[in-house]
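Summary of structural features
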Amino acid sequence: SEARVNQYGPPGELIPGAAMASAESDPVRHWITTEGGATQITRIWPIGGGCINDASRYDTDVGPFFVKINRNEGPSMFAAEQAGLEAMHNTGTIRVPRPYKVGPLPRRGSYIIMEYIQFGASNRSQAVLGEQLAEMHLKGSTDRGFGFHMDNTIGSTPQHNPWTKDWVEFFRVHRLGFQLSLAQQQYNDQDIYVKGQRLLEKLPEIFSGVHVQPVLLHGDLWSGNISADVDGNPVILDPACYYGHSEAEFGMSWCASFSPSFYNAYFKVIPKQPGFETRVELYKLYHYLNHYNLFGSGYRSSCMSIIKQFV
Ligand code: ADP
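Keep in mind that what you see is a predicted model, and the values were worked out from it rather than measured. (Residues numbered from 1 in each chain as written. Predicted model: local features only at pLDDT ≥ 70, side-chain atom pairs only at ≥ 80, totals over all residues. Heavy atoms only, no water.)

**Considerations on the site of the ligand**
We count it as follows: Being near a molecule or strand, for a residue, comes down to having at least one heavy atom within 4 Å of it. Two N or O atoms form a polar contact when they lie within 3.5 Å of each other; inside protein one atom must be a possible hydrogen donor and the other a possible acceptor, and for residues adjacent in sequence the pair counts only when both atoms belong to side chains. To measure how exposed things are, a 1.4 Å probe is used in the Shrake-Rupley method; for residues, cover is taken only from the protein chains shown. Three classes are used: nonpolar for Ala, Val, Leu, Ile, Met, Phe, Trp, Tyr, Cys and Pro, charged for Asp, Glu, Lys and Arg, and polar for all others, with Gly counted as polar.
In the region of the ligand, 17 residues are neighbours, and Ile52, Asn53, Lys68, Glu115 and Ile117 sit closest. Backbone polar atom of Ile117 to a nitrogen atom of the ligand: 2.9 Å apart, as the coordinates give it. Within the complex, the protein chains bury 87% of what would otherwise be the 550 Å² of accessible surface of the ligand. For the shell around the ligand, the per-class residue count stands at eleven nonpolar, three polar and three charged.

**A closer look at the packing of helix 4 (residues 126-139) against helix 7 (residues 260-269)**
As a reminder of what qualifies: Note on geometry: axes are lines fitted to C-alpha atoms, helical ones only across the stretch in contact, with angles between N-to-C directions running from 0 to 180 degrees. In this text, helices come from DSSP runs of H or I with a minimum length of four residues, and strands from runs of E with a minimum of two, each type numbered from the N-terminal end. Any angle that is under 35 degrees is reported as roughly parallel, and any over 145 degrees as roughly antiparallel; angles of 65 to 115 degrees are reported as roughly perpendicular and all others as oblique. By convention the crossing between two helices is left-handed if the near helix lies anticlockwise of the far one by an angle smaller than a right angle, and right-handed if it lies clockwise. The contact definition used throughout considers only heavy atoms, calling two residues in contact when any of these lie within 4.5 Å.
For the pair helix 4 and helix 7, the least separation of the axes is 7 Å and the interaxial angle reads 30°. The orientation of helix 4 with respect to helix 7, classified from their angle, is roughly parallel. Every pair of crossing elements has a handedness; the one defined by helix 4 and helix 7 is right-handed. Residues Gln126, Ala127, Leu129, Gly130, Glu131, Leu133, Ala134, Glu135, His137 and Leu138 of helix 4 pack against Ser261, Phe262, Ala265, Tyr266 and Val269 of helix 7. Here the residues of the contact of helix 4 with helix 7 are counted per class, giving nine nonpolar, four polar and two charged.

**A few points about the pairing of strand 3 (residues 54-60)**
Selection criterion: The classification of residues rests on relative accessible area computed with a 1.4 Å probe and restricted to protein chains. Under 20% of the type maximum is buried, over 50% is exposed, and intermediate values are partly exposed. Here the rule is simple: two strands pair whenever DSSP picks up at least two bridges between them.
Of all seven residues in strand 3, six are buried, a share of seventy percent or more. Bridge count between strand 2 (residues 41-47) and strand 3: six bridges; the pairing is antiparallel. Each residue of the ladder has a partner; that of Ile44, found in strand 3, is Tyr58. Relative to strand 4 (residues 65-70), strand 3 runs antiparallel, the two sharing five bridges. Its bridge partner being in strand 4, Arg57 is matched across the sheet by Phe66. The antiparallel hairpin formed by strand 3 and strand 4 contains four residues in its connecting segment, where Gly63 sits at a positive phi of about 110°.

**Section: the pattern of salt bridges**
So the rule is basically this: A pairing counts as a salt bridge when a side-chain nitrogen of Lys or Arg comes within 4 Å of a carboxyl oxygen of Asp or Glu.
Enumeration according to the criterion identifies 13 salt bridges in this entry. Between Arg95 and Glu115 there is a salt bridge whose closest N-O contact spans 2.7 Å. Of the two residues, Arg95 is situated in the loop between helix 3 (76-90) and strand 5 (99-104) and Glu115 in strand 6 (residues 110-115); the sequence distance between them amounts to 20 residues. As a salt-bridge pair, Arg95 and Asp229 come within 2.8 Å of each other at their nearest N and O atoms. Here Arg95 is found in the loop between helix 3 and strand 5, whereas its partner Asp229 is found in the loop between strand 10 (226-228) and strand 11 (234-236), with 134 residues between them in sequence. A relative accessible area of 30% means that Arg95 is categorised as partly exposed. Looking at Asp229, the relative accessible area reads 2%, which means it is buried. Taken together, the salt bridges that share partners define one network made up of Asp189, Asp191, Lys195 and Arg300.

**Examining helix 8 (residues 276-295)**
Short version of the rule: What a helix is expected to span follows from its residue count: subtract one and scale by 1.5 Å.
Under the 1.5 Å per step criterion, the end-to-end length of helix 8 is 28 Å for 20 residues, consistent within 8% with the ideal 28 Å. For helix 8, a buried count of 16 out of 20 residues is recorded, marking the element as mostly surrounded by other parts of the structure. Backbone geometry just downstream of helix 8 places Gly296 in the positive-phi region, at approximately 100°.

**Topic: unusual backbone geometry**
Positive phi values are uncommon outside glycine, yet Asn188 reaches one of about 55°. Mapped onto the fold, Asn188 is located in the loop between helix 5 (167-187) and helix 6 (190-206).

Structural data, given as structure tokens:
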């Protein structure tokens, strides 16, 4: 098994007992060797590429586990990631890593343990991705309205998800309105705030006659969160899930390189509604505003030009 591991991983760290905390003081090790069903953790391999957390693969006698550690934050962010992965997994449609366990670390910080997925080439799965995403949207339904049973984050920005009966109200207050207020507070940007408020007032008119049903959204679907397993099945990761308008899933499409075959496959399952392109501009605005709030003025003109299309 060591030869197999070395084929695709960086040189791993061999974990003799002395190099690592005991299972009693390390909740990750403890879970893997009890409920996780492993008798032995053979190696821990660091995985690069994450923006926020330390990721590793834990090799054991029952197979690998994927573990993310946050050294500073309590478990609420990982709890929201777990809830999102569970909701998507429960639709039985697109592949997502199965979340196993979230908890606090002894002094500070938190961890999430989930299914390890070996990623493969994803270049042929665009049509499958479109079809399975649409199926996830359809099967993930709720009678509680728009929202989610937990707040989460979009990037590191809070994303509030209180159950709300009306989509326009939810999107106006908890999505666009929230980000506009954040820009006003952070940058004292009155201009974008005031023009943004005028857009918010127009939302009922823009959505008049549009029938919106709550479907389960990944919520942050861009290429960094889309992969494929070794069999070529699409895999989506790192969600910011909530129940919302299916079209809102395309709010990050400017970073997703969806191909025409992706859209064709998606619209075969969920037919494209009149006015789709116009509304997707609004859904993009939410994410542009979030990028403005997270990364600064480079995203301001993209926000403004969308707002000006409507007011
Ligand atoms: P962060 O929360 O810090 O953004 P990511 O979710 O981006 O971390 O994950 C970090 C790295 O781990 C990425 O390279 C990603 O491809 C990989 N990864 C994420 N989830 C899994 C998984 N379930 N199995 C294997 N590798 C994973």
